[in-house]
Amino acid sequence: MSDMNYPPTGPLSPATGVTVINDVRPYGEGDAVSVRIVDGVIEEIGPEVSAADAGHVVDGRGGVLLPGLVDMHVHLREPGREDTETIETGSTAAAKGGFTAVFTMANTMPVTDQPIIAESVWAKGQALGLCDVHPVGSITKGLEGKTLTEFGMMANSDAKVRMFSDDGKCVTDPLIMRRAIEYAGGLDVLVAQHAEDHRLTDGAVAHEGPTAARLGLRGWPRTAEESVVARDIMLARDYHARVHVCHATTAGTVDLLRLAKEQGITVTAEVTPHHLTLTDEKLETFDGNYRVNPPLREDTDAAALRQALIDGVIDVVATDHAPHGAEDKCIEFDQAKPGMLGLETSLAIIAELFVHTGLKDWRWVAQVMSERPAEITRLPGHGRPIAVGEPGNLTVVVDESWTVDRTELASKTENSPFDGESYATRVQATLLRGVPTWDADTAS
Ligand code: DOR
Ligand code: ZN
């Protein structure tokens, strides 16, 4: 729906009170300023603002102020697998990672294929108040790929579902995908595809290439992704609706997206921090933490993905944060479940790859991690300019080195492929409608 009623009606009470952030540089530009937020809205930005009545004062330590980050693709596992993540632990990880809004995928148990499930996810997130948790509705009932769900009912529910995806599974049937796209176009909601031809990936656990061949692992060809991306681009062209490509992984997918965008086709795409940085060489360790769908590819793919993000051919960074317990990860590689944690490491990785190398600046990070995701999902209140009158959804990042310790992450599980890695940037504070949801200075 293009309905701008936001936040959706629900249990949320409006943010009240005063918060002041001191010593920050919006987008990393200009002199340090202070920001005063009253009742969830930025009231003043200047060299000095009044903090006498502030309930919270955040020390920005001369860091960079960004609009709160938005992640279009996470798995918070509630309902059904609360042993691996809950809306509470996932929202805490999101807040620590600088996110103020996340979209949690529909492959829960039960599947988020009806308004009541979507509404309960939304309400729980709002009651916690750590992050706006937007449920993604499934495209087909039970993720079975056969019968479309009621997009309209979910879009008009209290959860205001604005994205639909069978992520984890591909909508393989071209007629079902066509109907989904037509249906979505009428409601102006987004259809997000997990592009994988399951006939080509039957039993596959690794990228099909020299590494998998050497290790004796069943290979997942690039064609499995690219053939679906190509088909969906054609469907978006013919039925004039927006299609989003989840977790793009190959240089060939980048070529297809470039061609589609040149032709004005309304396709958007995301890339994960792990596909930007890691390659299938990691599989030499046989560590199940490197198993992910789609799989880690080769250097040439990762380089093409990085360039595509720089060029805007890929629109956004999304984590595909996918918690799995040790019983599903610390086992034989081909038995391990696919998926990696991502919420607490994403910003640091993007800063390292693009800002510290001088390739891009913080304003660009704001685009690919906040503004574009909010725009693509038609999400009001997030990804907004840092300016007076705008919502106080903000993230403070500082250049301070830290090392990932998977046992210290907020998630219930420890399946981070970045455990032990050191980064030069970390999230100092996150504010949701002016309320600090994370402040490194006061964290216990
Ligand atoms: O690696 C993945 N894990 N890819 C998916 O598509 C699903 C996800 C999950 O739910 O664990
Ligand atoms: Zn996913």
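Look up: the structure comes first, before these words.
Residues numbered from 1 in each chain as written. Chains lettered and ligands numbered in written order. Predicted model: local features only at pLDDT ≥ 70, side-chain atom pairs only at ≥ 80, totals over all residues. Heavy atoms only, no water.

**Observations regarding the packing of helix α7 (residues 251-262) against helix α9 (residues 299-311)**
- Their axes nearest at 8 Å, the elements α7 and α9 cross at an angle of 30°. On the basis of the axis angle, α7 is roughly parallel to α9. When α7 is examined against α9, the residues A251, V254 and R258 are found in contact with a partner set consisting of T300, D301, A304, L305, A308 and D311.
- By residue class, the composition of the contact of α7 with α9 is five nonpolar, one polar and three charged. (Axes fitted to C-alpha atoms, helices over the stretch in contact; angles between N-to-C directions. Helix = DSSP H or I, 4+ residues; strand = E, 2+ residues; numbered from the N terminus. Parallel < 35°, antiparallel > 145°, perpendicular 65-115°, else oblique. Contact = heavy atoms within 4.5 Å. Nonpolar A, V, L, I, M, F, W, Y, C, P; charged D, E, K, R; others polar.)

**Considerations on α7**
- Between its first and last C-alpha, α7 extends 17 Å over 12 residues, near the 16 Å set by a 1.5 Å rise per residue.
- Where α7 is buried, its residues touch α6 (222-239), β12 (243-245), β13 (267-271) and α9.
- One or two residues past the end of α7 sits G264, with phi positive at roughly 75°. (Expected span 1.5 Å × (residues − 1).)

**A closer look at the sheet that holds strand β1 (residues 18-26)**
- Pairing is mixed across the open sheet formed by seven strands, whose spatial order is β3-β2-β1-β4-β15-β16-β17. Only two strands of the sheet have a single neighbouring strand rather than two, namely β3 (41-46) and β17 (435-439). Across the sheet, the axes of successive neighbouring strands diverge by a mean angle of 40°, strand direction being ignored.
- Pairing geometry for strand β2 (residues 33-38) and β3, over five bridges, is antiparallel. Directly across from S34, in β3, lies its bridge partner G46.
- Its contacts with the sheet put helix α12 (residues 362-376) on β4 (56-67), β15 (394-403) and β16 (422-432), and the angle it makes with β4 is roughly 95°. (Pairing = 2+ DSSP bridges.)

**What about the layout of surface pockets?**
- Its boundaries defined by the atoms lining it, the largest pocket holds a volume of some 510 Å³.
- As for the largest pocket, its lining consists of 27 residues, of which R77, N107, G168, H324 and P338 are closest to the centre.
- In this structure, the second largest pocket is lined by K96, E344, W402, T403, V404, D405, E408, L409, R426, V427, W438 and A440.
- Counting residues per element, the ones that place at least two in the lining of the second largest pocket are β15 and β16. (1 Å grid on protein atoms, 1.4 Å probe; cavity = no way out; pocket = protein on both sides within 12 Å on 5 of 7 lines; lining within 4 Å. Points joined across faces, edges and corners; volume = space filled by probe spheres on them.)

**Some thoughts on the environment of F151**
- With respect to the secondary-structure elements, F151 resides in helix α3 (residues 151-156).
- A relative accessible area of 0% places F151 in the buried class.
- Remark: the alpha-carbon pair of F151 and Q126, spanning 25 residues in sequence, is separated by 22 Å.
- With sequence-adjacent residues up to four places away left out, F151 is seen in contact with S138, I139, F164, A180, Y183, A184, L187, V189 and V191. (Buried < 20%, exposed > 50% of the residue type's maximum accessible area, 1.4 Å probe, protein only.)

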